[in-house]
Amino acid sequence: MMGQYVKAGAAAEMSPGQGKLVELQGKKIALFNVDGAFYAIDDTCTHRGGPLSEGECEGTEVTCPWHGAIFDLRTGEVIGGPAKTKVACYPVRVSGADVEIEV
Ligand code: FES
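Residues numbered from 1 in each chain as written. Predicted model: local features only at pLDDT ≥ 70, side-chain atom pairs only at ≥ 80, totals over all residues.

Undergrad: Where do I start with the overall build of the chain in this structure?
TA: Across its full length, the chain carries 0 helices and 11 strands. The helix and strand sequence of the chain, counted from the amino end, reads β-β-β-β-β-β-β-β-β-β-β. Rg of the C-alpha trace for the chain: 13 Å, near the compact-globule value of 13 Å for 103 residues, within the 12% margin. Along the first, second and third principal axes, the C-alpha atoms of the chain reach 40 × 30 × 20 Å. The burial tally for the chain puts 30% of its 103 residues in the buried class. Taking as baseline every contact in the chain between residues at least 6 positions apart, the subset at least 24 positions apart corresponds to 39%. (Helix = DSSP H or I, 4+ residues; strand = E, 2+ residues; numbered from the N terminus. Rg over C-alpha atoms; globule rule 2.2 N^0.38 Å. Buried ≥ 20, exposed ≤ 12 C-beta atoms within 10 Å, placed from the backbone. Contact = placed C-beta atoms within 7 Å.)

Right, dumping it as structure tokens:
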């Protein structure tokens, strides 16, 4: 089944390099603004559940604040351990003033 785009917030409220936790359709999603491009992945780290929306962002990589696993924001793939399993990744679009995530 195809997902639908759901409003996640105002694009203007998200500074570049910043992550934000949004809860859509019962899912915790970490939304990031990387120099004006938006990316959305599951907020919950696959290692022990750390909040990726609170991680440090460098380019299109985010580092889990708990034990330092690194994920690619574009794909959800693991770049560095201790996490071994990728996180889900969601399509994002900007519609007018809003950022929308397909969930
Ligand atoms: S919970 Fe994310 S690296 Fe351990």
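Further notes follow.
Undergrad: I would appreciate a short explanation of the pairing of strand β4 (residues 37-42) in the present structure.
TA: Both faces of the sheet carry side chains from a regular strand, because those side chains alternate between them. Here 6 bridges tie strand β3 (residues 27-34) to β4, and the two strands are oriented antiparallel to one another. Counted as the bridge partner of Ala-30 is Ile-41 from β4. The antiparallel hairpin formed by β3 and β4 contains 2 residues in its connecting segment, where Asp-35 sits at a positive phi of about 50°. (Pairing = 2+ DSSP bridges.)

Undergrad: Explanation requested: the sheet that holds strand β1 (residues 5-10) in the structure shown.
TA: Strands belonging to one sheet form pairs held by backbone hydrogen bonds; the direction of such a pair is parallel or antiparallel. Pairing is antiparallel in the open sheet, where 3 strands are placed in the order β1-β11-β10. The sheet is open, and its two edges are formed by β1 and β10 (92-95), each paired on a single side. The mean inter-strand angle of the sheet, taken between neighbouring strand axes irrespective of direction, is 35°. Across 4 bridges, the pairing between β10 and strand β11 (residues 98-102) is antiparallel. Looking at β11, one finds that Val-94 is bridged to Val-99. (Axes fitted to C-alpha atoms, helices over the stretch in contact; angles between N-to-C directions.)

Undergrad: Please clarify how unusual backbone geometry should be interpreted in this entry.
TA: Comment: phi is negative for the bulk of residues other than glycine, and the bulk of peptide bonds are trans. In the segment running from Gly-81 into Pro-82, the intervening peptide bond is cis, with an omega of 15°. Mapped onto the secondary structure, Pro-82 falls in the loop between β8 (78-80) and β9 (89-90). In the Ramachandran plot, Gln-25 falls in the positive-phi region, its phi being about 50° despite a non-glycine side chain. Relative to the helices and strands, Gln-25 resides in the loop between β2 (18-24) and β3. When the 10 C-beta atoms within 10 Å are taken as the criterion, Gln-25 is described as exposed.

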